[in-house]
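Here is how the chains run, residue by residue.
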Amino acid sequence: MSGLIENMFRHVALPAAKRAVGLAMRLVPVPQPTLLVGPGSSVRLAQTIGSFAHRKLFIVSDPTLVATGLLQPVLDALHAAGAPCAVFDAVTADAPIHCIEQGVAQFRAQGCDAVLAFGGGSVIDTAKVIALAATNGRHPRHMAGYFRARHAPAPLYAVPTSAGTGSEATAAAVISDPQARRKLVIVDTRIVPRLAALDPCLMTGLPRDITAATGMDALTHAIEAYIGHWSTAFTERMALSAVALIWRNLPIVCTNGADLAAREQMALAANQAGLAFTRASVGNVHAIAHQLGARYHTPHGLANAVLLPHVLRFESPAVTDKLATLASSVNLGEPGDSLAELARKFIDAIDALNRWLGIPQHLNALREQDIPGLALAARREADFNYPVPRVMSEQDCEGLLRHVLA
């Protein structure tokens, strides 16, 4: 199936290729993970995996999560179930290719046959690509793009420890190539995890700044999925629900990180946003944010948050009605407001939310001399990959970047 889809657009011009991808993402069945939700769900997931009789489970995580002991209850549950496992805890920010290569080598050396991701977006994306590369014998660079792998990945499970990327629900993995200073997107419906646990207990210790940035990441996913040209009735329902949940619960978890009910709602919102954008894709915000992450290692959620209101103002003339609907979904506006007034109030409210959360208005790492190259790369990424509601020129993108130049 994947090869058939790839051939649909391999030899056609760019606009036709992007239309073909959009059609494929509407027609191809995209699996959804079976979800376990609530306090302790990560342990219940481990108990379930333990009954699957895998030869050996490869657990992908990061050193901080292992050092703080968050992973230990999962390891204990797997041990009690008699499930052999190996832990790979070398994942770093942005899921760099060299880290994935190390993971694939250890997966094979340990004789593993399934993967459990335990961590944030970089961990889950790393685990996805390890599972796919291990069964295909291909370098991660050669799988970038849509449906580039011949064989299905090793069975994959996920436990997100932040409410941001929604990667446990998506058919995409974003990795980085530090040598080329690029981010690569791998899309394949088979890398959606089979089972995932949304355990709010794992998120209560997240610092406020990380909680804020990951929450705004999920909000960006939902908004860009909603306003893009590939949206469907299903993705719009998921996106609107995610926006409403984030609007209501992000201020709560940033005020009281130990609020389990609000943490659970944020995890569900990130998951719904993931379900929305895995079919409807993202847009110009992500195209620019990926370049900032690749060049400066700017955290992805932070870059999205800073850019979101500026990009929405640029796109607003093309999606005024959808922005007005988003405003109504979070109870903004007054009776008699025009669509344009509602759209403006929604964008202004995002600005105000950013300020309340402590999101900076500018990116200190950004350099004027880098802006033309960043704009060129962002425009190319958007043109090749995303159903944006308004196409950016390089000059448009340079202007957006200068809005956030310190």
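Residues numbered from 1 in each chain as written. Predicted model: local features only at pLDDT ≥ 70, side-chain atom pairs only at ≥ 80, totals over all residues. Heavy atoms only, no water.

Some remarks on the packing of aromatic side chains
Applying the stated criterion to the full structure yields 5 aromatic pairs. With centroids separated by 5.8 Å and ring planes inclined at 20°, the aromatic side chains of Phe 58 and Phe 88 adopt a geometry described as stacked. With Phe 58 in strand S2 (residues 57-60) and Phe 88 in strand S3 (residues 85-88), this residue pair connects regions lying 30 residues apart in the sequence. Both residues of the pair, Phe 58 and Phe 88, count as buried. Note on Trp 247 and Phe 346: the rings are 5.6 Å apart at their centroids and 20° apart in plane angle, and the pair reads as stacked. Linking Trp 247 in helix H9 (residues 233-255) with Phe 346 in helix H14 (residues 339-357), this pair joins segments that are 99 residues apart in sequence. Classification of Phe 346 by relative accessible area gives buried; the value is 0%. Feature note: the residues Phe 58, Phe 88 and Phe 107 constitute an aromatic cluster, connected by ring pairs. (Phe/Tyr/Trp six-rings, centres within 6.5 Å; stacked < 30°, edge-to-face > 60°. Helix = DSSP H or I, 4+ residues; strand = E, 2+ residues; numbered from the N terminus. Buried < 20%, exposed > 50% of the residue type's maximum accessible area, 1.4 Å probe, protein only.)

Focus: the pairing of S2
Here S2 shows a buried face lined by Leu 57 and Ile 59 and a second buried face lined by Phe 58 and Val 60. Strand direction decides the pairing type here: S2 and S3, joined by 4 bridges, are parallel. Of the residues in S3, the one forming a bridge with Phe 58 is Ala 86. Two elements, S2 and strand S4 (residues 114-119), share 4 bridges in a ladder whose sense is parallel. Across the sheet, residue Ile 59 finds its bridge partner in S4, namely Leu 116. (Pairing = 2+ DSSP bridges.)

Thoughts on empty space enclosed by the protein
Tallied over the full model, the rule gives 3 cavities of 30 Å³ or more. Put simply, the largest cavity is a space of about 50 Å³. Forming the boundary of the largest cavity are Ala 163, Met 203, Leu 206, Thr 211, Thr 214, Gly 215, Val 253, Arg 263 and Met 266. Mapped by element, the contributors of at least two residues to the lining of the largest cavity are helix H8 (208-227) and helix H10 (260-280). Sort the elements by how many residues they give to the lining of the largest cavity and H8 lands first, with 3 residues. (1 Å grid on protein atoms, 1.4 Å probe; cavity = no way out; pocket = protein on both sides within 12 Å on 5 of 7 lines; lining within 4 Å. Points joined across faces, edges and corners; volume = space filled by probe spheres on them.)

So, the sheet that holds strand S6 (residues 156-160)
Here we have 6 strands laid out as an open sheet, ordered S1-S9-S6-S4-S2-S3, and parallel in their pairing. The strands lining the two open edges of the sheet, one partner per strand, are strand S1 (34-37) and S3. Across the sheet, the mean angle separating the axes of adjacent strands is 15° when strand polarity is ignored. Contacts from helix H3 (residues 41-50) reach S1, S2, S4, S6 and strand S9 (195-198) within the one sheet, and its direction differs from that of S9 by about 160°. The sheet strands contacting helix H7 (residues 121-136) are S2, S3, S4 and S6, and the helix crosses S4 at an angle near 170°. (Axes fitted to C-alpha atoms, helices over the stretch in contact; angles between N-to-C directions. Contact = heavy atoms within 4.5 Å.)

A look at the sheet that holds strand S7 (residues 172-177)
With mixed pairing, 3 strands are arranged side by side in an open sheet as S5-S8-S7. Sheet topology places strand S5 (145-146) and S7 at the edges, where each strand pairs with a single neighbour. Each of S7 and strand S8 (182-187) is contacted by H7, which is oriented at about 95° to S7, the strand it contacts most.

Structural notes on the confidence of the model for the protein chain
The predicted model of the protein chain averages 93 in pLDDT, with 96% of residues at 70 or higher. Under a pLDDT of 50 for its full length, residues 1-13 has, in the predicted model, 15 contacts with residues more than four places off or in other chains. (pLDDT = per-residue confidence, 0-100.)

Description of the nonpolar core
If you look at the biggest cluster of nonpolar residues, it comprises 77 residues, and the most contacted ones within it are Ile 223, Ile 288, Leu 292 and Phe 346. Excluding residues within four positions of it along the chain, Phe 346 makes contact with Ile 223, Trp 247, Leu 312, Leu 323, Leu 326, Ala 327, Val 330 and Leu 332. By size, the runner-up hydrophobic cluster in this structure holds 34 residues, among which are Ile 124, Ala 131, Ala 134 and Leu 156. (Core = buried A, V, L, I, M, F, W, Y, C linked by side-chain atoms within 4.5 Å.)

Some words on the side chain of Ser 281
Mapped onto the secondary structure, Ser 281 falls in the loop between H10 and helix H11 (284-296). Look past the residues within four positions of Ser 281 in its chain and what remains in contact with it is Glu 224, Ala 225, Trp 230, Ala 276, Asn 385, Tyr 386 and Pro 387.

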